[in-house]
Amino acid sequence: MFGPIRLAVAALCVSRVHNAAMSEATPPTQTAGTDPLEAGRAAFARHAWPEAFEQLSVAEGSAQLSGADLESLALAAFFAARGDVALDAKERAFKAYLAEGNDLRAAYLAIDVARTYGFQGKNSIAAAWGSRAAGIIGPEGDTYAHGYLALGRSEGAAATGDVDTALALAELAVAIGTRVADADLKASALTNLGSLKIAAGSTFDGFAMMEEASIAAVNGELSPMTSGVTACRMIGACRDMTDYRRASEWIEATERYCDRQSLSGFPGVCRIHRAEVAAVGGAWLQAEQELERATTELGAYNATPPQADGFYAIGDIRRLKGDFEGAQQALREAHARGRSPQPALALVRLAEGNVKAALSAINAAVAEETWDRWARARLLPAQVEIAVAAGDIAAARTAIDSLGEIVADYPSPAFESGRRVALARVLLAEGDTTGAVHELRLAIKGWREVGSPYEVARARAILSRALRAGEDADGADLELEAALAAFVQLGARIDQEAAERELRDLADRRSGPQTATKTFMFTDIVGSTTLAEALGDQAWESVLRNHDDMLRTIVGAGGGEVVNSTGDGFFVAFDGARQAIDCAIGIQQTLRDVRAKVGFACPVRIGLHTAAANRRGNDYSGKGVHVAARVAALAEGGEILASAETIAAAGAVATAEPRTATVKGVAAPVSFAAVIWS
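Rules of the game
Residues numbered from 1 in each chain as written. Predicted model: local features only at pLDDT ≥ 70, side-chain atom pairs only at ≥ 80, totals over all residues. Heavy atoms only, no water. Helix = DSSP H or I, 4+ residues; strand = E, 2+ residues; numbered from the N terminus. Buried < 20%, exposed > 50% of the residue type's maximum accessible area, 1.4 Å probe, protein only. Contact = heavy atoms within 4.5 Å. Lys, Arg positive; Asp, Glu negative; His and termini not counted. Charge placed at Lys NZ, Arg CZ, Asp CG, Glu CD. Axes fitted to C-alpha atoms, helices over the stretch in contact; angles between N-to-C directions. Parallel < 35°, antiparallel > 145°, perpendicular 65-115°, else oblique. Left-handed = near helix turned anticlockwise from the far one by under 90°. Phe/Tyr/Trp six-rings, centres within 6.5 Å; stacked < 30°, edge-to-face > 60°. Lys NZ or Arg CZ within 6 Å of the ring centre and 35° of its normal. Salt bridge = Lys/Arg side-chain N within 4 Å of Asp/Glu carboxyl O. 1 Å grid on protein atoms, 1.4 Å probe; cavity = no way out; pocket = protein on both sides within 12 Å on 5 of 7 lines; lining within 4 Å. Points joined across faces, edges and corners; volume = space filled by probe spheres on them. Nonpolar A, V, L, I, M, F, W, Y, C, P; charged D, E, K, R; others polar. Core = buried A, V, L, I, M, F, W, Y, C linked by side-chain atoms within 4.5 Å. Disulfide = S-S within 2.5 Å.

Asks: Please give an account of the overall build of the protein that cites residues and values.
Replies: Looking only at helices and strands, the protein has 31 helices and eight strands in total. With the C-alpha coordinates of the protein rotated into their principal frame, the extents come out at 100 × 55 × 45 Å. Taken over 678 residues, the protein has a buried fraction of 55%. By sequence separation, contacts in the protein at least 24 residues apart represent 65% of the contacts at least 6 residues apart. Averaging the coordinates of the 66 positive side-chain charges in the protein and doing the same for the 85 negative ones gives two points 3 Å apart.

Next up, the structure:
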């Protein structure tokens, strides 16, 4: 009945919580004759939360507190970062109100407790508390408690995807709040109804409702708790709609409210939103530090969903910086707390060269978003990018058409600019360079208005490729050099390296190819399609990630240069044949040891060939590369096949009997032998 409430503890943004409170509040002093109950009430009134919590706790130890005082204790405990105590105090307040005969307030507390348990993901206990509230006051009525009951049920229906029921119950809660003139209830219900309407596609109506509630919050017409929830949900909705200008306006308004009320601003949830906006502006280091503080602080409040949002934002910033290990660690934290790691994780896989895993992950994420149009819209640009990289232009076209339909309902500058970049990727893949250039120039203008230097640079890098395809080499060089300068300034390592590589490749092409003699290695997982079908996409992605990480480590330690990853394997270049053979043996021996330890490791075949090849930048081409790939294709799982040229260059190598085979694209038979490694 009561589902998780994503921003239920957003009141952190308007409260003098632990870091501010510890420094600003007067430490409690217990002098003779001082009544701890009166001292606690006084501290509560002036928002000295730690002092209020301590004094009211002392008072409860010597006398039975009223329901109202226990409710104050719960709120003080929450704002003093004692979330472990707050819930228990609410439950005691519920019992006290029942004993006092105050059924209406007892029912309200039961609903509040239900929402807290729902927020923690304990839905069965939440439902029981909701039923308890309904049992006290009846399932239908016109009191403020019935309004909160409808609101909790609306949140629960939304969590299960029952949008029609969620909307109807939210409208009922608004109506009750209006009739009973309960400003907090009306604002909470309007905020919930507005967010539901936005998700369902009635974006302008939804924002109008959330703005009505939020202006009451920042104007001091609501309680601090409701003000915080309302303002932070408004900022969160702006973030979700990529309407960063509107988000900044509400952040500023909320800060002014905090100053007027002498409240410390933006710990917790709201700090996460502010950091996300800062990250869009390119202040990645500052944003990451803010997010780390916020996620740590939220742990004291058992605020799992907003904590998950914070970890996701950290992961995405680290992805942009090229810290893939750190990104994955943060995204795992987000996933463990119930937040999808997509699209950031799929984009990490794409940057690593694992296009197949990236495509599988993003397609699954898009398929899961059924009714929230804007959650889907936030995934579609990544789906377009990955589909183009995978060569599935038809899928990319379908995704961009879907994105266009959604964004047309609310073309925020960021959504519209992102749509134009995604469309340009598709047009460029379809051969329409003129159309791509047009879309990219408009996207760059839009991203500048948003104030996102990274997105401007990314669009310029793509524009460079479009201009080059249209034979405007000078314009292409200028755009790529400008993009590179921005990537360097931002610290976008992967994008910087890609731009530098592209510039080197251009210089190499203009000066002609260079010839280099290398030993080329191709690895491939045998039966990968069958394994993926047997394990399922999610499990296969995990296996593939661990496999790739292991092989990259072995190749790096062995002196190899990963030219590219094919999804199921690697193309690697070595300076020497002995290095290549030793590395290949190391791979097979490691896989054997893993198999013996845990019962499974992917069966891998490896092919090696030493030859001269054309080198442009970090890429190699020519007959020698082709032969290496064909030798690998002849191998079985667990086998290393090395060409006669590689064996001769390596010196003494234990091999099986030499063989020859005719391979496609090579006139003369290829001689090779299996390397004995076990």
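And the narrative resumes.
Asks: Quick rundown of the packing of helix 23 (residues 433–450) against helix 24 (residues 453–469)? Include the residues and the values.
Replies: Each pair of packed helices can be summarised by the angle the axes make with each other and by the distance between the axes. Two numbers describe how helix 23 lies on helix 24: the axes approach to 9 Å, and their chain directions differ by 160°. Of the possible angle classes, the one that applies to helix 23 and helix 24 is roughly antiparallel. Here helix 23 runs over helix 24; the crossing is left-handed. Contact residues: helix 23 offers Thr433, Ala436, Val437, Leu440, Arg441, Ile444, Trp447 and Arg448, while helix 24 offers Glu455, Val456, Ala459, Arg460, Ile462, Leu463, Ala466, Leu467 and Ala469.

Asks: So, the packing of aromatic side chains: which residues are in play, and what are the values?
Replies: Pairs of aromatic rings are described using the distance from one ring centre to the other and the angle between the two planes. If you walk through the whole model with that rule in mind, you get 13 aromatic pairs. Summarising the aromatic geometry, the rings of Tyr108 and Tyr144 are spaced 6.0 Å apart at their centres and angled 50° between planes, so their arrangement reads as tilted. Remark: Tyr144 occurs in helix 8 (residues 144–159) and Tyr108 occurs in helix 6 (residues 103–119); sequence separation between them is 36 residues. For Tyr108, a relative accessible area of 16% puts it in the buried group. In this structure Tyr144 comes out as buried when scored by relative accessible area, which is 18%. When the ring of Trp284 is compared with that of Tyr454, the centres are 5.5 Å apart and the planes differ by 65°; the resulting orientation is edge-to-face. In this pair, Trp284 is assigned in helix 15 (residues 284–298) and Tyr454 in helix 24, connecting sequence segments 170 residues apart. Residue Trp284 shares its accessibility class with Tyr454, and that shared class is buried. Taken together, the aromatic side chains of Phe204, Phe207, Trp374, Tyr410 and Phe415 make up a single cluster linked through ring pairs. When the ring centre of Phe207 is taken as origin, the NZ or CZ atom of Arg246, which lies over that ring, is 4.2 Å away. The cationic tip of Arg339 hangs over the ring face of Tyr312; the distance from NZ or CZ to the ring centre is 3.8 Å.

Asks: Tell me about the pattern of salt bridges, and name the residues and values.
Replies: Where charged atoms from two side chains of opposite charge come close, those side chains can pair. A full pass over the atoms with the stated rule returns 43 salt bridges. Two residues, Lys186 and Glu212, come together in a salt bridge whose shortest N-O distance is 3.8 Å. In this pair, Lys186 is assigned in helix 10 (residues 183–200) and Glu212 in helix 11 (residues 203–218), connecting sequence segments 26 residues apart. By relative accessible area, which is 27% here, Lys186 ends up partly exposed. Judged by its relative accessible area of 41%, Glu212 is partly exposed. Where salt bridges share partners, they join Glu288, Glu292, Arg318 and Lys321 into one cluster.

Asks: Please set out the layout of surface pockets residue by residue, giving values where relevant.
Replies: Of the voids in this model, the second largest pocket is the one considered here, and its volume is about 900 Å³. As for the second largest pocket, its lining consists of 41 residues, and the residues nearest its centre are Leu75, Lys90, Tyr108, Asp112 and Met225. Mapped onto the lining of the second largest pocket, the elements with two or more residues apiece are helix 4 (67–79), helix 5 (83–100), helix 6, helix 8, helix 10 and helix 12 (224–240). Looking at side-chain class alone, the lining of the second largest pocket contains 22 nonpolar, 10 polar and nine charged residues.

Asks: Explain the nonpolar core residue by residue, including any values.
Replies: Core analysis: the largest hydrophobic core is formed by 102 residues, its most contacted members being Phe53, Trp129, Tyr148, Trp284, Leu291, Tyr454 and Phe487. Per-element tally for this core: the top contributor is helix 6, with 10 residues. One finds Val280, Leu379, Val384 and Trp447 within the second-largest nonpolar core, a separate group that totals 63 residues.

Asks: Residues and numbers for the state of the cysteines, please.
Replies: Following the criterion strictly, the structure yields zero disulfides and no others. Of all cysteine sulfurs, the one in Cys602 lies closest to Cys583, which takes part in no disulfide; the gap is 17 Å. Residue classification places Cys583 among the buried residues on the basis of a relative accessible area of 4%.

Asks: Go over unusual backbone geometry with me, naming the residues and quoting the values.
Replies: Leaving glycine aside, a negative phi is the common case for residues, and trans is the common case for peptide bonds. A cis amide bond links Gln342 to the next residue, Pro343, at an omega of 10°. Tracing the backbone through its elements, the reader meets Pro343 in the loop between helix 17 (324–336) and helix 18 (344–351). If you check the backbone angles, Thr242 has positive phi at about 55° while not being a glycine. The buried category is assigned to Thr242, whose relative accessible area is 12%. Unusually for a residue other than glycine, Glu471 sits at a positive phi of about 70°. Along the chain, Glu471 turns up in the loop between helix 24 and helix 25 (473–490). Residue Glu471 is classed as exposed on the basis of its relative accessible area, which comes to 74%.

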